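Read off the chains here:
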Amino acid sequence: MAGIEAAAVVRYTDARGLGEALAGADALFVYDFLSTAVPGAWPAADRLRWLHIASAGVDPVLFPGLRASDVVLTNSRGVFDDAIAEYVLGVVLSFAKDFARSLDLQRAGKWVHRETERVAGREVLVVGTGPIGRSIARLLRAAGLRVSGAGRRPRTGDPDFGEVHDTAELARHLPAYDYVVAVAPLTEQTKGLFDASAFAAMKPAARFVNVGRGELVVTSDLIDALRGGEIAGAALDVFDTEPLPADSPLWTMPDVLLSPHMSGDFVGWRNTLVEVFAANFRRWVAGEPLQNVVDKQLGYVPTETQGATG
């Protein structure tokens, strides 16, 4: 960030010193995108005009004070799209080809022949039609799966999803799908979207994949659905409590794949996040429109939004 330092006074701080560092600051780069320190330090933001968060999700900083302010909010949309899509394809293949059980049998020294599933022709519903959802749809289509979407605006003829269902009517569409992938932003409308009624609506052979936010899911309902055979499996990269508690039943449940919030974390991702902020900072200093401006009422970057000046 040498170029940025030449153009401005840069203060580095951790959560404890955020209030002091915010006083007199014009811009804030929230590099620790899981931090919840910003709301508590907000009273010190006496001249802040722009806040950038190093993630696609903005829920950690989207509190009432920020919503009501004139501060422009931007995110790091675009950094994780392809990496998360690769993760989703990986877990779909893992379920279909029974890789987890093959590894268990290998470690046990057992030769057990089985038949596995094809992925070609399987139906997938991607809940969340932003850039990450689109990358997932394109990659799964390339592997031969048939993909639809669910979002805020239902439509047909979408270039990546074909048909997009209304998320408000999700339960009506869930029975048709073999895989359901959650990647929607966390908003008041999507919090707890996948609850007991949603899992009951899925095929008993369906697998659920969550690469969005843990709070999209009512975890106790998911555990009950897995135990009761209402769905066949789950791949979970995000959780409503992180790290996942050691006593969670999810750790040892069969046909459950867990990863510690890393589906988008490719080698070099941290540098890429800084580069995204640096590029936006140069636009801000030059008075040019910022990239990835979040609609603070919706909680994400609308497709039609091109930018805003700080």
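Residues numbered from 1 in each chain as written. Predicted model: local features only at pLDDT ≥ 70, side-chain atom pairs only at ≥ 80, totals over all residues. Heavy atoms only, no water.

1. What to know about the sheet that holds strand β2 (residues 50–53)
Sheet strands pair by backbone hydrogen bonding; their relative direction is either parallel or antiparallel. Read from one edge of the open sheet, 3 strands run β1-β2-β3, paired in parallel fashion. The outermost strands of the open sheet, each flanked by one partner alone, are β1 (27–30) and β3 (72–74). Put simply, the sheet's adjacent strands are angled 15° from each other on average, direction ignored. Of the pairings in the sheet, the one linking β2 to β3 comprises 3 bridges and is parallel in character. (Pairing = 2+ DSSP bridges. Helix = DSSP H or I, 4+ residues; strand = E, 2+ residues; numbered from the N terminus. Axes fitted to C-alpha atoms, helices over the stretch in contact; angles between N-to-C directions.)

2. Brief notes about the pattern of salt bridges
Per the counting criterion, the structure on display carries 17 salt bridges. In this structure, Glu117 and Arg207 form a salt bridge, with 3.0 Å as the shortest nitrogen-oxygen distance. You can see Glu117 sitting in the loop between α6 (99–108) and β4 (123–127) and its partner Arg207 sitting in strand β9 (residues 207–210), a full 90 residues away along the chain. Since its relative accessible area comes to 26%, Glu117 is described here as partly exposed. Classification of Arg207 as buried rests on a relative accessible area of 11%. (Salt bridge = Lys/Arg side-chain N within 4 Å of Asp/Glu carboxyl O. Buried < 20%, exposed > 50% of the residue type's maximum accessible area, 1.4 Å probe, protein only.)

3. Observations regarding the environment of Pro64
With respect to the secondary-structure elements, Pro64 resides in helix α4 (residues 64–68). When the C-alpha positions of Pro64 and Lys296 are compared, they lie 9.6 Å apart, and in sequence the two are 232 residues distant.

4. Let's talk about the pairing of strand β8 (residues 179–182)
Here β8 shows a buried face lined by Tyr179 and Val181 and a second buried face lined by Val180 and Ala182. Where β4 lies against β8, 4 bridges are found, and the strand directions are parallel. Bridge pairing in β8 places Val124 opposite Tyr179. Between the parallel elements β8 and β9, the chain passes through helix α9 (residues 196–201) in a crossover that is right-handed. (Right-handed = clockwise from strand over helix to strand, strands pointing away.)

Read these as spatial facts, not as claims about activity.
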